[in-house]
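# Working through the structure, step by step
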Amino acid sequence: MLQQLLEMCTDPSQSLPSSQKATLFDTSLEAVLHLCNGPGVAQNIKQHLTKFCNIESETPSYTDFVQAANYALRGLRKVNVPGIPAFQDDDETNVLFHVNDPSFIHQEHQGKKSSRKPDVVVVSYKSAVDIMPEGKSTNVYQSACKKPTKDHENFQWMQDYVVPTVLYMDYMKEMNASAQSTDSTPATGPAETSYKKSNELQNISERLRSSKRGSDHLGSNELPNIKRSKQDDERQSRQKQDDDDDEDEEDEEKKKKEPRKLHPVVQNGLYVAEMFAAHTARQHVISFIVNNDIIYLWWFDRHHTIQCAGINFVQDLPRFVVLLFIMQRMGYKQWGLHPLFEPEPGYEGEIIVECEDKDKGNRDKEGQDKKKRVDLTLDLKSKKRMTHFGLRGRATTVFPVKSKVLSALPRRSHFLNESTELVAKLFWPEEARQSEPEILEEVYKIAQEDPDVLGHVPEMVWFHKFEGTSTAIIRKALGIDDTGSRALYIIVFRKLDPITTLSGDEFLLAWWEVVKCHRALWKRGVHHRDVSPSNIMGYRLGGRFISVLNDFDLSSIKRFLSSIEDAPKGFERTGTVPFMSLHLLVPEAIAGQVEHVYYHDAESFIWVLTWICLRYENGKLLRKNRPLDEWLTVDAMGCYKEKMGFLGRLRSMHPTSSHQKNFDVAVQCLAVIHRYTGPFASVPADDEVVFNTWLQDHVPKNVLQGNIL
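Residues numbered from 1 in each chain as written. Predicted model: local features only at pLDDT ≥ 70, side-chain atom pairs only at ≥ 80, totals over all residues. Heavy atoms only, no water.

### Examining the pairing of strand E3 (residues 112–116)
- Here 5 bridges tie strand E2 (residues 105–109) to E3, and the two strands are oriented antiparallel to one another. Directly across from His106, in E3, lies its bridge partner Ser115.
- Where E2 folds back on E3, the antiparallel hairpin that results is connected by 2 residues, among which Gln110 adopts a positive phi of roughly 50°. (Pairing = 2+ DSSP bridges. Helix = DSSP H or I, 4+ residues; strand = E, 2+ residues; numbered from the N terminus.)

Next up, the structure:
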């Protein structure tokens, strides 16, 4: 991984020969050796590493780790490696380590505040200066050894880097087991250096790893295991009880009340999710976990996590210093910020996207498509902005956007939405899937022929795939599997409003029209496969609400699947968990052994109807005492159990006053679901029978006829 990061740092203005590029790591090792041997900087680094190793508890060790790393960073300013940009004395890009714990870093997510406190962070020199209380200190590096003071502003996730580093010193007994988590891939191995190891440091390091902080230690090229067995938890619980027997009852009660500390890998994941959420179109995040005297580099992107082999920064100091050298020379792009959306942290100005003009009349003399410049002004502070908090997947973000070029485009005759407002959708779909723009073009052809579809699908104004964002690039370079790779897309749509703003017959008619649109598309081979409240939207036309089946990025076109390599074949578990069919929440479906068929989506429509009837009053989400909240916080199997329990107590559920009649329809539909949940029940194979008996037969005649006045 270090070799690949060095290649990412190379100066694009220099044409570095491939032979020279291939030896960047070895060249860098040689270039930093003088900082690891002899007096001066090397002596200061080793002095603080010795103190770090001798400290017996975690929190006090932060200071010496930070000082050792910052001494190395300052020494690296004069180090030059051919092909790598020289150090720039720029306060906004010059990085340093800074103690953060126990200060919190806060962020808002859809109106809810999160508070995290990474142990140590990597920030720019400017951010470190800004955080210093006036009049208390003038030395930034001394200040970096202390947490930000409570009476001063803390760091922010949206600031330049704020790269989290988790330090911990308590090896768990199970850590000599399997080396990697489900979605992590080892990517680096050992290398030899001519570093002259200090006998004192080496002895301290070995003693550290054999006694004081745990005897079941990891080698420097092993990866920490994040799995805990029930037996391990019980054993540690019994051991803790034995240790507590000698303490008085007051201390024992205090310990019981203390929250259980999250595993460092989980902490790290939460910090990374904050960083993804803080930056528009962030491509990747690099973070670190320090486990005793070993530092592990983690690469996160929307595909999955690449967890690299550890570096023992005591016994293999040169390799650690090369890592610091890389961090010092990385720019915003190398840290993961998209150069177009965020040329600098927090950028909110207009962006210009250059793309091919597909209009046949706009070609150059050679017949090539001319470049078109599309202006986009993103409203990232809008309350209507929907962000994603997570590590992998599509990571869909939706927000209002303005564009002179797109607003001037001619409208297609078969679109009925008269809104002039636009919204942008940024997301990371799998590259093997048929793209959403391609699927929508097929949908539009059907809409011109089928009245149940016409007007009930979203109007795509423009789309663009950002080249160079594929998550396969780093994996191919590392020689690891890139199956399931993702790339960044943007689609601009005509604005829609959520169906949840409706009540009574108006809501039920809007829901029913989308059910019919979905059925018509399914019959023509377009399988939506992600029915949820957020994907049922609409607009007003002449005072009437026209509902829209939205979000086709998990959809597929049946007749095209066989011709697309690695395309989904219908056995992938797609959808939004709280609204997925019970038959897709069982272990067989999770393992990819259950084909996604029409009745699964039909059942999702019933769960959506139920959800809105119980949680929305006169178009607004209930503020308190909301039923079904637990469906949002459990995994697939947990949601299965919650839904089965819900069906068992269905008669005790009470809808809001604005959805009482609609809930009567939902109850009749849910009774059908209940009928087919038994182990010996067989759902009808005929989709038309499912459509009629699961849905249409329970809808009032006035709604079926569109007469709700």
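### Description of the confidence of the model for the chain
- Confidence in the prediction of the chain, expressed as mean pLDDT, is 84, and 82% of residues score 70 or more.
- Within the chain, no element has a lower average pLDDT than helix H9 (residues 230–244), which sits at 39, and none a higher one than helix H17 (residues 504–523), at 98.
- Predicted confidence for residues 171–193 stays below pLDDT 50, and this span has 70 contacts to residues more than four positions away or in other chains.
- For the stretch residues 211–258, pLDDT sits under 50, and the model shows 85 contacts to residues farther than four places along the chain or on other chains. (pLDDT = per-residue confidence, 0-100. Contact = heavy atoms within 4.5 Å.)

### Here's the deal with the sheet that holds strand E16 (residues 497–498)
- Taken together, the 3 strands give an open sheet; going across it, the order is E16-E18-E19, and neighbouring strands pair in antiparallel fashion. Both edges of this open sheet fall to E16 and strand E19 (544–549), since each of them pairs with a single strand only.
- One ladder, built from 6 bridges, connects strand E18 (residues 536–541) with E19; its direction is antiparallel. When the bridges of E19 are listed, Gly538 appears paired with Ser547.

### Some details on the pattern of salt bridges
- Enumeration according to the criterion identifies 23 salt bridges in this entry.
- The salt bridge involving Asp301 is made with Arg475; its shortest N-O contact spans 2.8 Å. One end of the pair, Asp301, is in strand E7 (residues 294–301); the other, Arg475, is in helix H16 (residues 472–478), and 174 residues separate them in sequence.
- Among the ionic pairs, Glu430 bridges to Arg486, the shortest N-O distance being 3.6 Å. Of this pair, Glu430 sits in the loop between strand E13 (422–427) and helix H15 (436–447) while Arg486 sits in the loop between H16 and strand E15 (489–494); the two residues are 56 residues apart in sequence, bridging distant segments of the chain. (Salt bridge = Lys/Arg side-chain N within 4 Å of Asp/Glu carboxyl O.)

### Considering the packing of helix H19 (residues 598–615) against helix H20 (residues 636–648)
- Between H19 and H20, the least distance of the axes is 14 Å, while the angle of their chain directions is 70°. In terms of axis orientation, H19 runs roughly perpendicular to H20. By crossing handedness, the relation of H19 to H20 is classed as left-handed. For the pair formed by H19 and H20, the contact residues are Trp607, Thr610 and Leu614 on the first element and Lys643, Phe646 and Leu647 on the second.
- Here the contact of H19 with H20 is built from residues that sort into 4 nonpolar, 1 polar and 1 charged. (Axes fitted to C-alpha atoms, helices over the stretch in contact; angles between N-to-C directions. Parallel < 35°, antiparallel > 145°, perpendicular 65-115°, else oblique. Left-handed = near helix turned anticlockwise from the far one by under 90°. Nonpolar A, V, L, I, M, F, W, Y, C, P; charged D, E, K, R; others polar.)

### Quick notes on H19
- Taking 1.5 Å as the rise per residue, H19 with 18 residues should run 26 Å; its terminal C-alpha atoms sit 26 Å apart, in good agreement.
- With 18 of 18 residues buried, H19 lies mostly within the body of the structure. (Expected span 1.5 Å × (residues − 1). Buried < 20%, exposed > 50% of the residue type's maximum accessible area, 1.4 Å probe, protein only.)

### Description of empty space enclosed by the protein
- On inspection of all chains with the given rule, the structure shows 6 cavities of 30 Å³ or more.
- What the largest cavity holds in volume is close to 140 Å³.
- Around the largest cavity, the lining is made up of 16 residues, and of these His279, Ala281, Arg302, Ala395 and Thr397 lie nearest the centre.
- Only helix H11 (264–278) and E13 provide two or more residues apiece to the lining of the largest cavity.
- For the lining of the largest cavity, the residue count by class is 8 nonpolar, 5 polar and 3 charged. (1 Å grid on protein atoms, 1.4 Å probe; cavity = no way out; pocket = protein on both sides within 12 Å on 5 of 7 lines; lining within 4 Å. Points joined across faces, edges and corners; volume = space filled by probe spheres on them.)

### A few points about the environment of Arg544
- With respect to the helices and strands, the residue Arg544 is situated in strand E19.
- A relative accessible area of 40% places Arg544 in the partly exposed class.
- If sequence neighbours within four positions are ignored, Arg544 has contacts with Leu509, Glu513 and Tyr539.

### Some details on a negative patch on the surface
- On the surface, Asp89, Asp90, Asp91, Glu92 and Glu344 cluster together to form a negatively charged patch.
- Assignment of secondary structure puts Glu92 in the loop between helix H5 (58–75) and strand E1 (95–99). (Patch = residues over 30% accessible without salt bridge, like charges linked within 9 Å, V, L, I, M, F, W, Y side chains within 5 Å. Areas by Shrake-Rupley, 256 points an atom, 1.4 Å probe, with all protein chains shown as cover. Lys, Arg positive; Asp, Glu negative; His and termini not counted. Charge placed at Lys NZ, Arg CZ, Asp CG, Glu CD.)

### Focus: the packing of aromatic side chains
- On inspection of all chains with the given rule, the structure shows 21 aromatic pairs.
- With a centroid separation of 5.5 Å and an interplanar angle of 65°, the aromatic rings of Phe65 and Phe313 are classed as edge-to-face. Here the residue Phe65 occupies a position in helix H5, and Phe313 occupies one in the loop between strand E9 (311–312) and helix H12 (317–329), the gap between them amounting to 248 residues.
- Here Phe65 falls in the buried class, since its relative accessible area comes to 1%.
- Through pairs of rings, three or more aromatic residues link up here, namely Phe52, Phe65, Phe97, Phe313 and Phe320.
- Between Arg74 and the ring centre of Tyr141, over which it is positioned, the NZ or CZ distance is 4.0 Å. (Phe/Tyr/Trp six-rings, centres within 6.5 Å; stacked < 30°, edge-to-face > 60°. Lys NZ or Arg CZ within 6 Å of the ring centre and 35° of its normal.)

### So, unusual backbone geometry
- Along the chain, Asp101 connects to Pro102 via a cis peptide bond; the corresponding omega equals 15°.
- Here Pro102 shows up in the loop between E1 and E2.
- For Ala281, which is not glycine, the phi dihedral falls at a positive 60°.
- Relative to the elements of secondary structure, Ala281 occurs in the loop between H11 and strand E6 (284–291).
- The phi torsion at Asn292 lies on the positive side, around 60°, for a residue other than glycine.
- Inspection of the secondary structure puts Asn292 in the loop between E6 and E7.

### Regarding the environment of Tyr539
- Residue position: Tyr539 is located in strand E18.
- When the C-alpha positions of Tyr539 and Pro458 are compared, they lie 9.9 Å apart, and in sequence the two are 81 residues distant.
- If we skip the residues at most four places from it in the chain, Tyr539 touches Leu416, Asn417, Gly455, Leu496, Arg544, Phe545, Ile546 and Val548.
- Among the polar contacts made by the side chain of Tyr539, one reaches the main-chain carbonyl oxygen of Gly455 at a distance of 2.7 Å. (Polar contact = N/O pair within 3.5 Å; in protein donor to acceptor, adjacent residues only side chain to side chain.)

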